[in-house]
Amino acid sequence: RETKQIPLFYCSAYGNTAQLAEAIASGIRETLPDAEVACYDLTEQNMGEMGALLNASDAFLVGSPTLNRDAVPPVWMLLAHIDAINIAKRPAALFGSYGWSGEACKNLRARLEGLKVNVYAEDFRVTFVPSEEELANAKAFGAAFAATLA
């Protein structure tokens, strides 16, 4: 398949992680203009379809706010649909916003690394509402991640 499929899956408690998803997607599109890059709010999607999309992707990103010191349940539901045999070495990246502790990305990273997913070196995290500068940095994060896929 010539067109890379790079979905971004996220949940957003207050719209902050959604803003990051759009900014990161923008950076990916600029770097890989031929890729199919789409953002999916997991609270509005069929989890089986999202799992199939993740498993068919060339790379994927997952975003979650931190609530109760963890990623939110829909994100864990998505990861429960991963095809562990075929997902090994698949490039992935993590992002999210948090208020205090910010464990979501760390916990998601542990799970994905346990599945042998090739998780990007850095996670992109902001506290509370992303500033204009942080959104610009999110776009740069997406571009840098995309550059590793070219």
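Preceding this paragraph is the structure being described.
Residues numbered from 1 in each chain as written. Predicted model: local features only at pLDDT ≥ 70, side-chain atom pairs only at ≥ 80, totals over all residues. Heavy atoms only, no water.

Re the nonpolar core
Working step 1: Ranked by size, the top nonpolar core spans 26 residues in total, and within it Ile6, Leu8, Ile24, Ile28, Leu61 and Phe95 carry the most contacts.
Working step 2: Elements that contribute at least two residues to this core include exactly strand E1 (5-10), helix H1 (16-31), strand E4 (91-98), strand E6 (124-127) and helix H5 (132-147).
Working step 3: For this core, the leading source of residues is H1, giving 7 residues. (Core = buried A, V, L, I, M, F, W, Y, C linked by side-chain atoms within 4.5 Å. Buried < 20%, exposed > 50% of the residue type's maximum accessible area, 1.4 Å probe, protein only. Helix = DSSP H or I, 4+ residues; strand = E, 2+ residues; numbered from the N terminus.)

Observations concerning a nonpolar patch on the surface
Working step 1: A contiguous nonpolar surface patch, about 420 Å² in accessible area, is contributed by Trp100, Phe128 and Val129.
Working step 2: Residue position: Phe128 is located in the loop between E6 and H5.
Working step 3: The class for Phe128 is partly exposed, based on a relative accessible area of 44%. (Patch = residues over 30% accessible without salt bridge, like charges linked within 9 Å, V, L, I, M, F, W, Y side chains within 5 Å. Areas by Shrake-Rupley, 256 points an atom, 1.4 Å probe, with all protein chains shown as cover. Salt bridge = Lys/Arg side-chain N within 4 Å of Asp/Glu carboxyl O.)

Focus on the packing of helix H3 (residues 73-80) against helix H4 (residues 104-114)
Packed helix pairs are specified by the crossing angle of their axes together with the interaxial distance, meaning the distance between the axes.
Working step 1: Two elements in contact, H3 and H4, have axes whose closest approach is 12 Å; the angle formed by their N-to-C orientations is 5°. Here H3 lies roughly parallel to H4, going by the angle between them. Packed against H3, whose contacting residues are Val75, Trp76 and Leu79, the element H4 presents Asn107, Leu108, Arg111 and Leu112 at the interface.
Working step 2: Looking at the contact of H3 with H4, its residues break down into 5 nonpolar, 1 polar and 1 charged. (Axes fitted to C-alpha atoms, helices over the stretch in contact; angles between N-to-C directions. Parallel < 35°, antiparallel > 145°, perpendicular 65-115°, else oblique. Contact = heavy atoms within 4.5 Å. Nonpolar A, V, L, I, M, F, W, Y, C, P; charged D, E, K, R; others polar.)

Examining the packing of aromatic side chains
Working step 1: Within this structure, the stated rule accounts for 5 aromatic pairs.
Working step 2: An angle of 85° between the planes, with centres 5.5 Å apart, marks the rings of Trp100 and Phe128 as edge-to-face. Taken together, the residues Trp100 in the loop between E4 and H4 and Phe128 in the loop between E6 and H5 connect sequence positions 28 residues apart.
Working step 3: When the ring of Tyr120 is compared with that of Phe145, the centres are 5.5 Å apart and the planes differ by 75°; the resulting orientation is edge-to-face. In this pair, Tyr120 is assigned in the loop between strand E5 (118-119) and E6 and Phe145 in helix H5, connecting sequence segments 25 residues apart.
Working step 4: A residue is classified by how much of its surface remains accessible, and Phe145, at 1% relative accessible area, is buried.
Working step 5: Taken together, the ring pairs connect Tyr120, Phe124, Phe141 and Phe145 into an aromatic cluster. (Phe/Tyr/Trp six-rings, centres within 6.5 Å; stacked < 30°, edge-to-face > 60°.)

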